[in-house]
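What the coordinates show
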Amino acid sequence: CYILIGIAHKRNMNYKQAEENFLLAQKIVNELNISEQDSVINSNLGSLMSVMGHSDLAIQYYYKSLESKTTLDIKLTTIFSIVQEYYKLNNFSEVTSWCENGLELISDVSDNSFISYSFHFKLYLALTNELQNIEEILIETISFFENIEDFRHVQKYSILLAEYYSSHRKYKNA
């Protein structure tokens with residue numbers, strides 16, 4: 001219940017109340033020894049710290065969350081969150097390391113159920129390593145997310161593509 005209240009406060013930008021509710025939920029989980037909820041709480045605290053601009057704290061919470069993750073989908077979501085935070089901090093060696101970690105986890109899966117993470121991780125690898133084909137990777141990634149109707153990532157990566165064009169003086173493309 002406190003987790004949901006914390007999420008609601010976060011969405012309403014009542015960050016202090018959100019943090020209080022997440023910490024209260026964590027206290028209850030620890031007292032009742034319900035370890036499976038600890039991961040959810042730490043993930044939400046990480047997300048809250050990220051929104052508040054505290055990337056270092058967000059990463060710490062994501063690490064704690066990752067320690068108790070069980071499903072691949074949840075692990076990949078957390079790894080992607082870690083990648084985004086390290087990218088914000090311009091810590092490209094960590095971005096590269098975590099992207100490679102995520103891609104390695106995906107490579108063990110025989111179906112395409114986690115292909116979206118593959119696009120995220122490959123794009124961040126290209127961004128942090130200044131690959132020559134960054135424009136091609138951005139266009140391919142945007143196209144993929146358009147096809148699956150994930151417009152949040154279409155918008156996010158379209159802005160990156162426009163910034164790329166602008167920085168390379170391709171103003172008409174931007």
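So, here's what we can say about the structure. Think of each chain on its own: its residues are numbered from 1, step by step along the sequence as written. Local features in this predicted model are restricted to residues of pLDDT 70 or higher, and side-chain atom pairs are both shown and tallied only at a pLDDT of 80 or more, whereas totals for entire chains, interfaces and linings draw on every residue. Side-chain descriptors were evaluated using all non-hydrogen atoms of the structure, hydrogens and water having been removed beforehand.

Attention shifts here to the overall build of the protein. Here a helix means four or more residues in a row that DSSP labels H or I, a strand means two or more in a row labelled E, and each is numbered from the N terminus. In terms of regular secondary structure, the protein is built from nine helices and zero strands. In the protein, the succession of helices and strands from N to C terminus is α-α-α-α-α-α-α-α-α. C-alpha extents for the protein along the principal axes are approximately 55 × 40 × 30 Å. By residue count, 41% of the 174 residues in the protein fall in the buried class. Pairs of residues are marked as contacts when any of their non-hydrogen atoms sit within 4.5 Å. For the protein, long-range pairs separated by at least 24 residues make up 46% of all intrachain contacts whose partners lie at least 6 apart in sequence. Each accessible area is a Shrake-Rupley estimate made with a 1.4 Å probe; only the visible protein chains count as cover when residues are assessed. Surface summary for the protein: the accessible area is close to 10200 Å², and the carbon and sulfur share equals 50%. Counting 14 positive and 22 negative side-chain charges, the protein places the centres of these two groups 6 Å from one another. Think of it in three bands: residues with accessible area under 20% of the maximum for their type are buried, residues over 50% are exposed, and the middle band is partly exposed, with areas taken using a 1.4 Å probe on protein chains only. Note that His is not counted, nor are the chain ends; the positive residues are Lys and Arg, and the negative ones are Asp and Glu. Taken as the charge centre is NZ of Lys, CZ of Arg, CG of Asp or CD of Glu, depending on the residue.

Bringing unusual backbone geometry into the picture now. Its identity is not glycine, yet M13 carries a phi of approximately 65 degrees, on the positive side. Its location among the elements puts M13 in the loop between helix 1 (2–11) and helix 2 (15–32). Of note in this structure, N90 is not a glycine but carries a positive phi near 60 degrees. Checked against the element boundaries, N90 lands in the loop between helix 5 (72–88) and helix 6 (92–107).

By the element assignment, K170 lies in the segment after helix 9 (151–167). Those residues in contact with K170 that lie beyond four places of it in its chain are E135 and Y165.

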